[in-house]
Structures are given as structure tokens and as C-alpha cells.
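An overview of the molecular structure
Listed below, chain by chain, are the residues.
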Amino acid sequence: MSSTTSATTTTTRRIVVLISGSGSNLQALIDALNTPALPDAQIILVLSNRKAAYGLQRAAQANIPTAYLALQPYLKNNPGKTREDYDAEVAKIVVKEKPDLVVLAGWMHIMSEKFLELVDGRKGLKGDDGVEVTHNIPVINLHPALPGAFDGAHAIERAYEAFQKGEIAHSGAMVHRVVKDVDRGEPVIVREVPIEKGEPIESFEERLHKVEHEIIVQAAAKVLEEVKSVQR
Ligand SMILES: Nc1nc2c(c(=O)[nH]1)N[C@@H](CN(C=O)c1ccc(C(=O)N[C@@H](CCC(=O)O)C(=O)O)cc1)CN2
Ligand SMILES: NCC(=O)N[C@@H]1O[C@H](COP(=O)([O-])[O-])[C@@H](O)[C@H]1O
């Protein structure tokens, strides 16, 4: 009786994570790798724009390659270069890893159109061999507020202050696709987070970060699944 074996091959998805700080959301991704929450995935590079970012230590402890490139040292070391050139350099570092997904996990640098063009396929990027290649890599960002509520930096503090003034009843967190306009990209995952009357900001922030650690994994898995289905 003939028997056939179906050879099932799973492609390990490659994730690049950009950070600037503690890296607790990076840690959530690391902890979820190859669990049912985030199957068949590996983080192939963690890039920080801050040398002292503890997230770099978290990556090293997980044997994940790291890189550091900050704007001001780049401009100082490359007279005449611009912020856009820096963003293009970041894009070059990222696409060299051939990721399936780029996650901004507390990356505190507003990316110019240049970065997005080079990473999401609107413009080609010349490799070391001089050959121009276009990439179509999704970029997602974790933001500690609801869509359109508190775009930009210091969102947690601004939301807490707005609650204190009676302007909002709750806040939240989201992961969204990255577009030029900061925090205006299509939401991937959105979760409301209540603020309790009289509670200190620290307890609201703790509750919010717990939600972030969940949605960043959910969003990465969701977008990677979309990548898989497109490639089928
Ligand atoms: N083009 C985009 N770039 C980035 C986005 C985005 O949606 N589109 N998201 C941000 C993350 N972010 C909020 O989620 C954010 C990060 C940083 C800033 C900001 O004001 N940065 C200043 C420097 C601040 C500092 O160094 O402390 C700056 O870049 O000049 C606003 C929002 C990531 N990038
Ligand atoms: N606007 C971007 C922004 O405010 N991002 C925020 O930076 C923190 C990073 O924490 P982590 O370094 O512990 O992952 C997170 O709270 C994330 O939402």
C-alpha cells in the first residue's frame, strides 16, 4: 500500500525591532517567540537610537543581534548629511536583514517619508552590489493612546491629565501601521484602558503597559499572518 508523507515546511518569519528605551515591549515579543501567540518567528535584529537603551541588553541576553545608530552622532560624523539621510541609513540597516516585519517598540524618532519609501516599496534601495531593489515590508508602531486621541510623544501623561480635567472617560493603546503622519496609520489592534478616579498615574501606566505587552504580540502575529497569506 503506497504511503505518502506530506512534507510540511514552515518558514520562520523575520522581525526587526526598533527601540529607544527599556524594551519591555521588545521583551514581550521575545517571550512570545515560537509560542502559539507568535509562532514560527524570530527577531533577527534590534536597532536602538539610544546607546543606553536597556532594550539592547534584553536583546543581547536573548542572543539577538543589536545595532545602534543615533541621529545626532550620525549628523556629526557625516557633515552635510541630513535627517533624511539618517532615515535612509536606518532603512538600509533594516532591509539588509530581509525582514518580514518591522516593529517600532518605543522607537522615539519620527521617520521621514524617505524611510517609508525605502522600506515599503515605493522607492528602490541600492544594495552593496549597486543593484536597486524594492522592498514591501510592513512597519507597525506601538502607541499608548487610542486612534486620533493623543498623537505624538508623552501620550500617557497627556491622557491622564485630560482624564483629570474630565475631558475623557478612558484611554487605551494601539498598534498601527506606520505612515508619514505620526500615529495616523491604519490601526491593527486597539484596546481601551480605563482610568480610575483618584488613582495615581503610575497605576494607570502599569495597567496600560500590561495591555501594550499583549497587543504588540497580537499585532505582530496578525500582520505576519497577513504576510503569509499574501505569499501563498
Ligand atoms: N513617520 C512616522 N514615524 C514614527 C511614527 C509614525 O506613526 N510615523 N510613530 C512614532 C512613535 N511615536 C509615537 O507613537 C513618536 C515617537 C517620537 C516622537 C517625537 O516627537 N520624536 C522627536 C524626538 C523626541 C525624543 O528624542 O525624545 C523627533 O523625532 O524629533 C513622536 C511620536 C515613531 N516614528
Ligand atoms: N509615541 C511612541 C511611544 O510613546 N511609545 C511608547 O514607548 C514605550 C516603550 O516602552 P518599552 O521601551 O518598555 O517597550 C511604550 O509605552 C510605547 O507605547
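If you check an unreviewed UniProt entry, the protein chain appears there as Phosphoribosylglycinamide formyltransferase from Candolleomyces aberdarensis. One UniProt comment on the protein chain, placed under Catalytic activity (unreviewed entry), says "N(1)-(5-phospho-beta-D-ribosyl)glycinamide + (6R)-10-formyltetrahydrofolate = N(2)-formyl-N(1)-(5-phospho-beta-D-ribosyl)glycinamide + (6S)-5,6,7,8-tetrahydrofolate + H(+)". The record held by UniProt for the protein chain lists under Pathway (unreviewed entry) the comment "Purine metabolism; IMP biosynthesis via de novo pathway; N(2)-formyl-N(1)-(5-phospho-D-ribosyl)glycinamide from N(1)-(5-phospho-D-ribosyl)glycinamide (10-formyl THF route): step 1/1."

The rolling of a water-molecule-sized probe over the atoms marks out the regions of remaining empty space. By volume, the largest pocket amounts to about 850 Å³. G106, W107, M108, L142 and P144 are the residues nearest the centre of the largest pocket, which is lined by 36 residues in total. Contributing elements (two or more residues each) for the lining of the largest pocket: α1 (24-32), β7 (139-143), α6 (155-164) and α7 (201-231). Put simply, the second largest pocket is a space of about 330 Å³. If you go around the second largest pocket, you meet 16 residues; those closest to its centre are K92, V95, K96, G127 and D128. For the lining of the second largest pocket, the secondary structure elements donating two or more residues are α4 (83-96) and β5 (125-126). It is α4 that contributes the most residues to the lining of the second largest pocket, five residues altogether. Tallied by class, residues from the lining of the second largest pocket come to seven nonpolar, two polar and seven charged.

What counts as what
Residues numbered from 1 in each chain as written. Chains lettered and ligands numbered in written order. Predicted model: local features only at pLDDT ≥ 70, side-chain atom pairs only at ≥ 80, totals over all residues. Heavy atoms only, no water. UniProt positions renumbered as here; feature names shortened; annotations may be inferred. 1 Å grid on protein atoms, 1.4 Å probe; cavity = no way out; pocket = protein on both sides within 12 Å on 5 of 7 lines; lining within 4 Å. Points joined across faces, edges and corners; volume = space filled by probe spheres on them. Helix = DSSP H or I, 4+ residues; strand = E, 2+ residues; numbered from the N terminus. Nonpolar A, V, L, I, M, F, W, Y, C, P; charged D, E, K, R; others polar.

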